[in-house]
Amino acid sequence: ALLGIALAVLGHLGYAFANAGWMAYAAAIPAAMRGLVTPALNAIMSREVGPAGQGELQGAVGAVVSLTAIVGPFLMTHLFSAFPAPGAPVQFPGAPFIASAVLMLLALALLARRTPARPAPAAGAR
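Owing to the predicted nature of the structure, the values given are computational and were not obtained by experimental measurement. (Residues numbered from 1 in each chain as written. Predicted model: local features only at pLDDT ≥ 70, side-chain atom pairs only at ≥ 80, totals over all residues. Heavy atoms only, no water.)

**Focus: a nonpolar patch on the surface**
Moving on, step 1. Residues L67, I70, V71, L75, L103, L106 and L110 make up a contiguous nonpolar surface patch of roughly 680 Å² in combined accessible area.
Moving on, step 2. Among the elements of the structure, helix 4 (54-82) and helix 5 (95-114) are those that each provide at least two residues to the nonpolar patch.
Moving on, step 3. In terms of residue count, helix 4 provides more of the nonpolar patch than any other element does, four residues in total.
Moving on, step 4. Summarising the element assignment, L75 is placed in helix 4.
Moving on, step 5. Taking the relative accessible area as the measure of exposure, L75 reaches 37% and is therefore partly exposed. (Patch = residues over 30% accessible without salt bridge, like charges linked within 9 Å, V, L, I, M, F, W, Y side chains within 5 Å. Areas by Shrake-Rupley, 256 points an atom, 1.4 Å probe, with all protein chains shown as cover. Salt bridge = Lys/Arg side-chain N within 4 Å of Asp/Glu carboxyl O. Helix = DSSP H or I, 4+ residues; strand = E, 2+ residues; numbered from the N terminus. Buried < 20%, exposed > 50% of the residue type's maximum accessible area, 1.4 Å probe, protein only.)

**What to know about helix 2 (residues 21-31)**
Moving on, step 1. Considered for burial, the residues of helix 2 that qualify are A27, P30 and A31. Down the axis of helix 2, the buried set is contained in an arc of 95 degrees. They therefore lie on one face. Facing away from the buried side of helix 2, by more than 90 degrees, are the exposed residues W22, Y25 and I29.
Moving on, step 2. On its buried face, helix 2 sits against helix 1 (2-17). (Arc of directions from axis to C-beta. Contact = heavy atoms within 4.5 Å.)

**Looking at the pattern of salt bridges**
Moving on, step 1. One pass over the structure, following the stated rule, counts one salt bridge.
Moving on, step 2. The residue R114 makes a salt bridge to E48 at a minimum N-O spacing of 2.9 Å. Pair noted here: R114 is in helix 5 and E48 is in helix 3 (residues 37-48), with a separation of 66 residues, a long-range link.
Moving on, step 3. Among the residues examined, E48 registers a relative accessible area of 53% and is labelled exposed.

**Side note on the side chain of S100**
Moving on, step 1. Looking at the element boundaries, S100 is found in helix 5.
Moving on, step 2. You can call S100 buried: its relative accessible area is 13%.
Moving on, step 3. Here the side chain of S100 touches H12 through a polar contact of 2.6 Å, side chain to side chain.
Moving on, step 4. Here the side chain of S100 touches F97 through a polar contact of 2.9 Å, landing on its backbone oxygen.
Moving on, step 5. Once residues within four sequence positions are removed from consideration, S100 is found in contact with H12 and M76. (Polar contact = N/O pair within 3.5 Å; in protein donor to acceptor, adjacent residues only side chain to side chain.)

**A few points about the packing of helix 1 against helix 5**
Moving on, step 1. Two elements in contact, helix 1 and helix 5, have axes whose closest approach is 8 Å; the angle formed by their N-to-C orientations is 165 degrees. Taken together, the axes of helix 1 and helix 5 are roughly antiparallel relative to one another. Considering the relative orientation of helix 1 and helix 5, their crossing is left-handed. Contacts from L2, I5, A6, A8, V9, H12, L13, Y15, A16 and F17 of helix 1 reach helix 5 at F97, I98, S100, A101, M104, L105, L108, L111 and A112.
Moving on, step 2. Here the contact of helix 1 with helix 5 is composed, by residue class, of 17 nonpolar, two polar and no charged. (Axes fitted to C-alpha atoms, helices over the stretch in contact; angles between N-to-C directions. Parallel < 35°, antiparallel > 145°, perpendicular 65-115°, else oblique. Left-handed = near helix turned anticlockwise from the far one by under 90°. Nonpolar A, V, L, I, M, F, W, Y, C, P; charged D, E, K, R; others polar.)

**Regarding the packing of aromatic side chains**
Moving on, step 1. The tally for this structure, following the rule as stated, stands at three aromatic pairs.
Moving on, step 2. Seen in terms of ring centroids, Y15 and F97 are 5.3 Å apart; in terms of plane orientation they differ by 55 degrees. Their pairing is tilted. A residue pair is termed long-range when its members are at least 10 positions apart, and Y15 in helix 1 and F97 in helix 5 qualify at 82 residues.
Moving on, step 3. On the basis of relative accessibility, which here comes to 23%, the residue Y15 falls in the partly exposed class.
Moving on, step 4. When the centroid spacing of 5.8 Å and the interplanar angle of 80 degrees are considered together, the rings of F80 and F97 count as edge-to-face. With F80 in helix 4 and F97 in helix 5, the pair connects residues that are 17 residues apart, well separated along the chain. (Phe/Tyr/Trp six-rings, centres within 6.5 Å; stacked < 30°, edge-to-face > 60°.)

Written out as structure tokens, the structure is:
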């Protein structure tokens, strides 16, 4: 999950600053790794909840996904229209990708804080 989010951040930053088609294609490679995130997060969350709570967990995850499907397009559409608009204080068409990279960095920090470090092997263990 951490690797997928980190690569997605790099990809979105690449999209934000791409000024040629080949750059967008190059940024798509790390951005595609965000496909690793959802299965990994589902596995992490499922391990944290007992068998009786799995349905509740999946319902909560579905609610969050639905909420982001409403808020995300609204936010990004407004960013896409505001920053390249004539008279905008900052002319930057990549602003939505910067916003998504910032949100993913926040998620990365929260997940890194939550994910315990692997314990060091015991002395003499192989």
